[in-house]
Amino acid sequence: MNDATPEPAYNFAYLDEQTKRMIRRAILKGIAVPGYQVPFASREMPMPYGWGTGGVQVTAACLVPEDRLKVIDQGADDTTNAVSIRRFFARTAGVATTTRTADATLIQTRHRIPETPLHAGQILVYQVPIPEPLRFLEPRETETRKMHELEEYGLMHVKLYEDIARHGQIATSYAYPVKVSGRYVMDPSPIPKFDNPKLSDSPAIQLFGAGREQRIYALPPYTKVVSLDFDDHPFTASKAAHVCDLCGARASYLDEVITDDLGGRMFVCSDTDFCTDRQAHGKRGRLSAPISGGAA
Amino acid sequence: MSHIEKVTATDTPLLTVAGLTKTYGARIGCADVSFDLYPGEVLGIVGESGSGKSTLLSCLAGHQRPERGRIAYDGQDVLAMSESARRRLGRTDWAYVHQNPRDGLRMGVSAGGNVGERLMAVGARHYGDIRAAATDWLGLVEIAADRIDDRPRAFSGGMQQRLQIARNLVTGPRLVFMDEPTGGLDVSVQARLLDLLRGLVRDLGLSVVIVTHDLAVVRLLAHRLMVMQGGRVVEQGLTDQVLDDPQHAYTQLLVSSVLQV
C-alpha cells in the first residue's frame, strides 16, 4: 500500500512546523502528567469537527517520514473515516500506510484498541469527542478543573451509582471512566469497556486528541490504568456472548450485523485486520465461505 | 434541657470568629463580626435584606474570602488552610443548606444519588452500603423509601428541601450552615420542616449557624441570636432575651414589625 510522493503544496503532514511544535509540547506535557488534560490551540482542519480533528492533529505532530500509518474506525480499516484520514496523510506526508497492526508504527483509532497486542515503539492516537469525564454531571469547566486539581472524584461514582440504581448494573458500556496512575480520572474516549483492560500497562504510547474541546492527554508506556467500580459491583469487560461468524474468534470484540429483515444476523470481529489475519491462517467461522479446493 | 447541659459541658468553642470584615469595593458586606459558637449550639442571624447576613455566612463557609478577621474551627485557622483541606472540611465536618434546594441538589441525579454523593466523595465504594445509608436518611427526613430513585425534579418544594438536608447530614457533620432553609415554603410545610430540623439538631448534637429574616424560625430553633444591620452586628444575646426585650432601636423595629395573627 505504498504511495506517491507528498503533494508539494503542503508542508509535511499538512500542519506548519510551528503548530506541530506547539502540539508536541502539549503531548510531552501530557506524557509527563499521565491523564491530565493539556489545553492546546487546536487548528481548523480540512474536515469537520467530530471526524477526528484532534486525533489528526496529534498524528500530524507525531509523524516522521519513516512511519508506517494505520487508521481504524470502530476497528475497521475500510470505513469512510479511516480511508479518508489514511489517504489524507498519504497525500500530505507521503508516509507508508498499512492495515496490519503489527507492522504499523503509528495507529490512529476511533473508538477501538486493536485486538493484536501493541508493542514497544508504537504510538496509538485516539480521537476524542468529549475529554472531560465529569462533564455530564458537572457542566462548569471551572469546577471540573478544580475537581481534577483537588482529586475530588466522588461525582464519578455518582454516575456509576445512578447506573446501578436504574439498570441494576453498571450500564456504562463505552467511554468507561478510568483512574490513571492513582491520580487523574480520565475518559478513555468512546472505546467499549471491553478494551479498558488493554489501556493498562501497554508497551505503546497512547495519545488522546480532542480537537473541538482543544485538549490533549496521554498515557506513557506501562502506565497503570484502573476502571472505576464499586466493591459489590466490580468492573467487567463485557462483549457480545457470541463467536465471530467469519473467523471463529471467541475473545475478540464483536459487531452485530443485521443480514436480512427476517431476524437474520451475524456477529463479526470489529477489528477487521485481526479477523482477516485469522482467516488467512485458516480459521473459520459459522458463515465462512467454504474452503476452495486444496487451500486447507 | 439537655442541650443546655451539653453547652455548659464543653467550654471550648467549636467555631471562633473574630473581627471578620468583607467589603465589595467601597461597600461594606459585613464588618467586624465576632462570635463564638459552642458544640451543640444554634446561632441565629437575623436582619433585613442587605444587612450582610448572607455575606457573613458565605465567608464562614469558605465560599468567599474575607478581607480581615480570623475564623478558627476546632482549633484550626480556616483561612490559613489549603483549599483542598477546606473543601474536605466542607464535605465532611461541615454542611451548607441553601435557601433554594436547586442550588444544593443535583437535579439530574436521583434522590439516592444525591444523598450518596457525599459518602462517595469521602471514599465509600460499596453500592449496597451507600444505598442503605441513603434509604435510612430519606426515612429520617420523612421521604418515602420508594422515592429513592426519583429525581428531585419530581419532588415538591418541601421535599426537595428535606432531601437537601439529608444530603448534607449523611456524613455526620458537626457544623451546619443554613441560609434561609424555610424560605419559599408555605407555612404548614415550614412548620414541619422546622420540627424536623429541631429534632435533628437535638438528636445529632449539631452546631448550627442559621441565617433568616423570619423571627419565628429563630425563636423555635436558635439558642442565641445576632441582629445585623448595614453589615454590622447591632445586638446579640440569648434568643428569648433579644426578642422579648430588644435594646437596639433596629431590633425593636424588627420585633414590632412581625404581624401578630
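From a predicted model like this one, the values you see are computed outputs, not experimental measurements.

Trainee: I would appreciate a short explanation of the interface of chain A and chain B in the present structure.
Mentor: Buried accessible area, meaning the area lost when the parts come together, often serves as the stated size of an interface. Facing 21 residues of chain A, the contacting portion of chain B comprises 22 residues. The junction of chain A with chain B conceals about 1800 Å² of combined surface from both sides, 55% of it contributed by carbon and sulfur atoms. Counting the contacts that link chain A with chain B gives five salt bridges. Lys-146 of chain A is the salt-bridge partner of Glu-83 of chain B, the closest N and O atoms lying 3.1 Å from each other. Scanning the region where chain A abuts chain B turns up 14 residue pairs in polar contact (both at pLDDT 80 or more). Contributing elements (two or more residues each) for the side of chain A that touches chain B: helix 4 (141-149) and helix 5 (154-167) of chain A. Looking at which element gives the most residues to the side of chain A that touches chain B, the answer is helix 5 of chain A, with nine residues. Here the side of chain A that touches chain B is composed, by residue class, of nine nonpolar, three polar and nine charged.

Trainee: Would you explain the layout of surface pockets in this entry?
Mentor: Over the atoms rolls a probe the size of a water molecule, and its path tells where empty space is left. A volume near 1300 Å³ is recorded for the largest pocket. Along its surface, the largest pocket is lined by 40 residues, and Glu-143 of chain A together with His-63, Arg-87, Gly-90 and His-98 of chain B are the ones closest to its centre. Of all elements in the fold, only helix 4 and helix 5 of chain A together with helix 2 (53-60), helix 3 (83-91), strand 6 (94-97), helix 4 (101-104), helix 5 (111-121) and helix 7 (157-169) of chain B reach the threshold of two or more residues within the lining of the largest pocket. No other element matches the five residues that helix 3 of chain B contributes to the lining of the largest pocket. Split by residue class, the lining of the largest pocket holds 17 nonpolar, eight polar and 15 charged.

Trainee: I'm lost on the confidence of the model for chain B in this one. Help?
Mentor: If pLDDT is low for a region, its predicted coordinates should not be looked at in detail. Per-residue pLDDT for chain B has a mean of 90; in total, 95% of the residues score no lower than 70. Across the interface, the model reports ipTM at 0.85; the global pTM reads 0.87.

Trainee: Looking at this structure, I do not really get the sheet that holds strand 7 (residues 184-186) of chain A. What am I missing?
Mentor: The strands making up a sheet associate through backbone hydrogen bonding, with each pair oriented either parallel or antiparallel. All names here are of chain A. Overall, antiparallel pairing links the three strands, which are arranged 7-6-10 in an open sheet. Of all strands in the sheet, those bounded by a partner on one side alone are strand 7 and strand 10 (225-227). Here the average twist between neighbouring strands, direction ignored, is 30 degrees.

Trainee: Just checking my understanding: could you explain the side chain of Ser-42 of chain A for this structure?
Mentor: Residues and elements named next belong to chain A. Looking at the secondary structure, you find Ser-42 in the loop between strand 1 (38-39) and helix 2 (53-62). The buried category is assigned to Ser-42, whose relative accessible area is 11%. Of the polar contacts made by the side chain of Ser-42, one reaches the side chain of Gln-57; its length is 2.9 Å. Separated by 2.8 Å, the side chain of Ser-42 and the backbone oxygen of Gly-211 make a polar contact.

Trainee: Would you mind going over empty space enclosed by the protein with me for this structure?
Mentor: All names here are of chain B. Counted under the stated rule, the structure contains one cavity of 30 Å³ or more. The volume enclosed by the largest cavity comes to roughly 40 Å³. For the largest cavity, the full set of lining residues is Val-97, Ile-165, Leu-169, Val-176, Met-178, Leu-197, Val-201 and Leu-206. Elements represented by at least two residues in the lining of the largest cavity include exactly helix 7, strand 7 (175-179) and helix 8 (187-204). Within the lining of the largest cavity, the residues separate by chemical class into eight nonpolar, no polar and no charged.

Trainee: Quick question: what am I supposed to make of the nonpolar core here?
Mentor: The nonpolar side chains of a soluble globular protein tend to be buried with one another. One finds Tyr-161 and Phe-230 of chain A together with Val-115, Leu-163, Ile-165, Val-176 and Val-208 of chain B to be the most contacted residues of the largest nonpolar core, which totals 67 residues. A total of seven residues in this core trace back to one element, the largest contributor, which is helix 5 of chain A. Apart from the residues lying within four places of it in its own chain, the contact partners of Ile-165 of chain B are Val-97, Val-141, Leu-193, Leu-197 and Leu-200 of chain B. The next biggest cluster of nonpolar side chains, apart from the first, holds 30 residues, and it includes Ala-13, Val-58, Ala-61 and Ile-216 of chain A.

Trainee: Whenever I open this one, helix 4 of chain A confuses me. Can you help?
Mentor: An α-helical segment advances 3.6 residues per turn. Residues three or four places apart therefore align on the same side. Inspection of helix 4 of chain A places Thr-144, Met-147 and His-148 of chain A among the buried residues, and these make up the whole buried set. Projected down its long axis, helix 4 of chain A shows its buried positions confined to an angular sector of 100 degrees, all on one face. If you follow the buried residues of helix 4 of chain A, they end up packed against helix 5 and strand 7 of chain A together with helix 3 of chain B. A positive backbone phi angle near 60 degrees is found at Glu-151 of chain A, which sits one or two residues after helix 4 of chain A.

What counts and what doesn't
The residue count restarts for each chain, going from 1 along the sequence in the order it is written. Chains and ligands are labelled by the order in which they are written, letters from A for the one and numbers from 1 for the other. Selection of residues for local features in this predicted model requires a pLDDT of at least 70, selection of side-chain atom pairs for listing and counting requires 80 or more, and totals for whole chains, interfaces and linings are taken over all residues. Neither water nor hydrogens contribute to the side-chain values; these are computed over all heavy atoms in the structure. Contacts between residues were defined by any pair of non-hydrogen atoms, one from each residue, lying within 4.5 Å. By buried area we mean how much accessible surface two parts lose on assembly, using a 1.4 Å probe and totalling the loss over both. Should a side-chain nitrogen of Lys or Arg be within 4 Å of a carboxyl oxygen of Asp or Glu, the pair is scored as a salt bridge. Polar contact is the term for a pair of N or O atoms within 3.5 Å; when the atoms are in protein, one must be able to donate a hydrogen and the other to accept it, and sequence-neighboring residues count only if both atoms are side-chain atoms. For the purposes of this entry, the term helix denotes a DSSP run of H or I that reaches at least four residues, the term strand denotes a run of E that reaches at least two, and both are numbered from the N terminus. Under this grouping Gly is polar, as are all residues other than the nonpolar Ala, Val, Leu, Ile, Met, Phe, Trp, Tyr, Cys and Pro and the charged Asp, Glu, Lys and Arg. Cavity: a set of points on a 1 Å grid over the protein atoms alone where a 1.4 Å probe fits but cannot get out. Pocket: an open set with protein on both sides within 12 Å along at least five of seven lines, its lining residues, like those of a cavity, having an atom within 4 Å of a point. Grid points are joined across faces, edges and corners, and a volume is the space filled by probe spheres set on the points. A score from 0 to 100, pLDDT tells how confident the predictor is in each residue. At least two DSSP bridges between two strands are required for those strands to pair. Only the stretch in contact is used when fitting a helix axis, every axis being a line fitted to C-alpha atoms; angles between N-to-C directions are given from 0 to 180 degrees. Exposure categories follow from relative accessible area, calculated using a 1.4 Å probe and restricted to protein chains: below 20% of the type maximum is buried, above 50% is exposed, and the middle band is partly exposed. Only buried residues count toward a nonpolar core. Its members are Ala, Val, Leu, Ile, Met, Phe, Trp, Tyr and Cys residues joined through side-chain atoms within 4.5 Å. Working definition: the arc comes from the directions between the helix axis and the C-beta atoms, pointing outward to the latter.

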